[in-house]
Amino acid sequence: MIHADFLDQLLEKYASHSTVHITDEHTRIVASTDSSRVGTNSSTAQYVIQVMHPAIIERGEQDDWMVYGTPVFLNGELCGTVVVHGHTASSAQQGVAVRAALEAALEYDLYSRTLSNSDERGQIARLMLSDQVDADKLISMMNRQEIDPSLLRSVICIKLQFHQTSYFNINLKLGYQASTELIRNEAVKCLIANRYLNTQDLVFIYDRDTIVVIKSFIPMGDHSRIYLALDKICQDLIQDLSTFTAFSFNTAYGNICTTLSDLKKSFEEALEIIHIGKKTGRSECLYLLENILFDNIYHHLHPQVLKKLLEPSLKKLEKKDGTLRTELLECAEHFIDHCTNISVASEKSLLHRNTIRARLEKLYDLTGLDPAKSFSDAFIIKMLIAHLRQKGDD
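Predicted model only: the values in this text are computed from it and were never measured. (Residues numbered from 1 in each chain as written. Predicted model: local features only at pLDDT ≥ 70, side-chain atom pairs only at ≥ 80, totals over all residues. Heavy atoms only, no water.)

**Q** Would you mind showing me how to read the pattern of salt bridges here?
**A** In a structure, side chains of opposite charge can pair up when their charged atoms sit close to one another. Enumeration according to the criterion identifies 12 salt bridges in this entry. One salt bridge connects Arg-195 with Asp-236, and the closest N-O pair in it is separated by 2.8 Å. Here Arg-195 is found in the loop between helix 5 (173-192) and strand 7 (202-207), whereas its partner Asp-236 is found in helix 6 (residues 223-241), with 41 residues between them in sequence. On the basis of relative accessible area, Arg-195 is assigned to the exposed category, the value being 60%. (Salt bridge = Lys/Arg side-chain N within 4 Å of Asp/Glu carboxyl O. Helix = DSSP H or I, 4+ residues; strand = E, 2+ residues; numbered from the N terminus. Buried < 20%, exposed > 50% of the residue type's maximum accessible area, 1.4 Å probe, protein only.)

**Q** So what exactly am I meant to see when it comes to the confidence of the model for the chain here?
**A** For any part of a model where pLDDT is low, the fine detail of the predicted coordinates should not be relied upon. Across the chain, pLDDT averages 88, with 91% of residues at or above 70. Considering only residues more than four positions removed or in separate chains, one finds that residues 166-176, a stretch of pLDDT under 50, has 16 contacts. (pLDDT = per-residue confidence, 0-100. Contact = heavy atoms within 4.5 Å.)

**Q** Whenever I open this one, the packing of helix 11 (residues 342-349) against helix 12 (residues 353-367) confuses me. Can you help?
**A** The relative placement of two packed helices comes down to the angle between their axes together with the axis-to-axis distance. As a packed pair, helix 11 and helix 12 sit with axes 9 Å apart at the nearest point and diverge in direction by 110°. It follows that helix 11 is roughly perpendicular to helix 12 by the angle criterion. As helix 11 packs across helix 12, the resulting crossing turns out to be right-handed. Only Arg-353, Ile-356 and Arg-357 of helix 12 make contact with helix 11, whose side of the interface consists of Ile-342, Ser-343, Ala-345, Ser-346 and Ser-349. (Axes fitted to C-alpha atoms, helices over the stretch in contact; angles between N-to-C directions. Parallel < 35°, antiparallel > 145°, perpendicular 65-115°, else oblique. Left-handed = near helix turned anticlockwise from the far one by under 90°.)

**Q** Looking at this structure, I do not really get the sheet that holds strand 3 (residues 55-59). What am I missing?
**A** The pairing of strands in a sheet comes from backbone hydrogen bonds and takes either a parallel or an antiparallel form. Across the sheet, 5 strands lie side by side as 2-1-5-4-3; this open sheet has antiparallel pairing. Strands at the two margins of the open sheet, each flanked by one partner only, are strand 2 (29-32) and strand 3. When strand polarity is set aside, the average angle formed by the axes of neighbouring strands in this sheet is 20°. The pairing of strand 3 with strand 4 (residues 65-74) spans 4 bridges and is antiparallel. Within strand 4, the residue paired with Ala-55 across the bridge is Gly-69. Packing of helix 1 (residues 4-14) onto the sheet brings it into contact with strand 1 (19-24) and strand 2, and relative to strand 2 it is tilted by some 45°. Across the sheet, helix 2 (residues 43-51) is in contact with strand 1, strand 3, strand 4 and strand 5 (77-87); its angle to strand 5 comes to roughly 130°. (Pairing = 2+ DSSP bridges.)

**Q** Can you help me understand a nonpolar patch on the surface in this one?
**A** Nonpolar side chains collect at one region of the surface, where Leu-293, Phe-294 and Ile-297 lie side by side and expose about 220 Å² of accessible area between them. Examined against the element boundaries, Phe-294 turns out to sit in helix 8 (residues 293-299). Note on Phe-294: relative accessible area 31%, which makes it partly exposed. (Patch = residues over 30% accessible without salt bridge, like charges linked within 9 Å, V, L, I, M, F, W, Y side chains within 5 Å. Areas by Shrake-Rupley, 256 points an atom, 1.4 Å probe, with all protein chains shown as cover.)

**Q** Whenever I open this one, helix 12 confuses me. Can you help?
**A** Look at helix 12: 21 Å from first C-alpha to last across 15 residues, which is about the 21 Å you get at 1.5 Å a residue. Of all the residues in helix 12, the buried ones are Ile-356, Leu-360, Leu-363 and Thr-367. Buried residues in helix 12, looked at end-on, bunch into an arc of 60°, giving them a common side. Of the residues flanking the end of helix 12, it is Gly-368, one or two places downstream, whose phi is positive at about 80°. (Expected span 1.5 Å × (residues − 1). Arc of directions from axis to C-beta.)

**Q** When you look at the layout of surface pockets in this model, what are you seeing that I'm missing?
**A** Computed from the structure, the second largest pocket encloses a volume of approximately 230 Å³. Considering the residues around the second largest pocket, the lining is formed by 15 residues, among which Tyr-227, Tyr-253, Asn-255, Ile-273 and Leu-289 are closest to the centre. Elements supplying a minimum of two residues to the lining of the second largest pocket: helix 6 and helix 7 (263-279). When residues in the lining of the second largest pocket are grouped by element, the largest group, 4 residues, is from helix 6. Here the lining of the second largest pocket is composed, by residue class, of 7 nonpolar, 4 polar and 4 charged. (1 Å grid on protein atoms, 1.4 Å probe; cavity = no way out; pocket = protein on both sides within 12 Å on 5 of 7 lines; lining within 4 Å. Points joined across faces, edges and corners; volume = space filled by probe spheres on them. Nonpolar A, V, L, I, M, F, W, Y, C, P; charged D, E, K, R; others polar.)

Below is the structure:
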């Protein structure tokens with residue numbers, strides 16, 4: 001039940017010229033116009049709880065008074081009763097009025113507590129991703145929400161791209177923004193209900209286009225098992241979000257963190273993986289680092305490698321009209337990706353073996369790169385392809 005002062009005010013407003021009790025679900029009177037009855041049990045409430053519907057319990061001999069009782073529900077669950085001893089003409093009406101006011105107050109109290117709980121969990125998540133983590137404040141808030149600070153955690157980032165279709169009122173910015181906000185909130189509710197997330201996990205809207213999931217794990221020595229679990233969890237989250245047609249999205253996760261102060265870095269890693277994944281031109285809901293491995297290496301490549309090794313090789317591949325012989329590099333990459341096996345590369349690419357051989361020879365004549373004989377040369381070719389892909393995206 002809600003605060004006793006509020007219940008007393010409720011009775012004062014609705015219970016004139018009657019004796020009214022408000023009980024809990026165990027028939028104990030928690031508020032009454034007769035203060036001597038507070039804390040005692042009501043036999044009338046016991047009967048009302050047994051029948052589970054409003055009832056007239058007693059009538060006076062002259063039919064000028066009666067006892068009326070009604071159960072109080074919140075979301076279909078019994079919360080207590082209202083019992084009225086008063087005039088026949090007004091008792092039932094008073095009982096219904098008190099019950100309606102009480103149920104409305106209980107619903108609002110539940111809403112306020114849910115909202116407050118959600119807001120604090122959102123604050124916890126934002127503190128976790130802040131540049132300088134106030135550990136004492138953060139742990140205190142986590143303890144209030146019964147969130148274990150000692151668990152391993154990883155940040156899953158979901159970048160949304162909303163479709164500006166007739167679904168939105170794009171002529172009225174307010175209408176569009178209200179629609180996208182509603183959809184974002186629905187997406188968060190959907191993610192929170194995911195079968196792999198629990199009360200230790202945090203889901204919140206980071207900004208207009210970003211939803212963040214901070215996933216927790218029980219500490220273990222073998223982190224490789226957790227990364228496999230993250231793959232599975234992300235795929236399941238993607239399946240949940242695939243029901244939304246108003247946006248497309250990309251997902252990635254950062255490293256597993258053993259301390260709360262590392263979560264900001266995990267978040268930045270997830271954002272970076274999505275950024276690199278988009279540069280590859282691959283349109284995927286989930287970007288896994290192993291699938292964009294060479295593009296990630298290129299993204300962190302030492303500038304000297306670019307200036308000393310890649311740019312001179314690209315210069316040698318230029319035609320007279322300034323265009324590049326990209327077919328030579330693409331053929332070489334295909335050859336490398338199939339373990340430098342010319343038969344397999346020919347079968348998979350539908351290029352004749354002689355065509356592949358001729359292009360590899362031409363590449364060697366122009367640049368001196370031979371992926372069949374040198375791992376270093378094969379690596380440089382992969383970096384050249386990544387360079388063209390990411391430079392082209394710029």
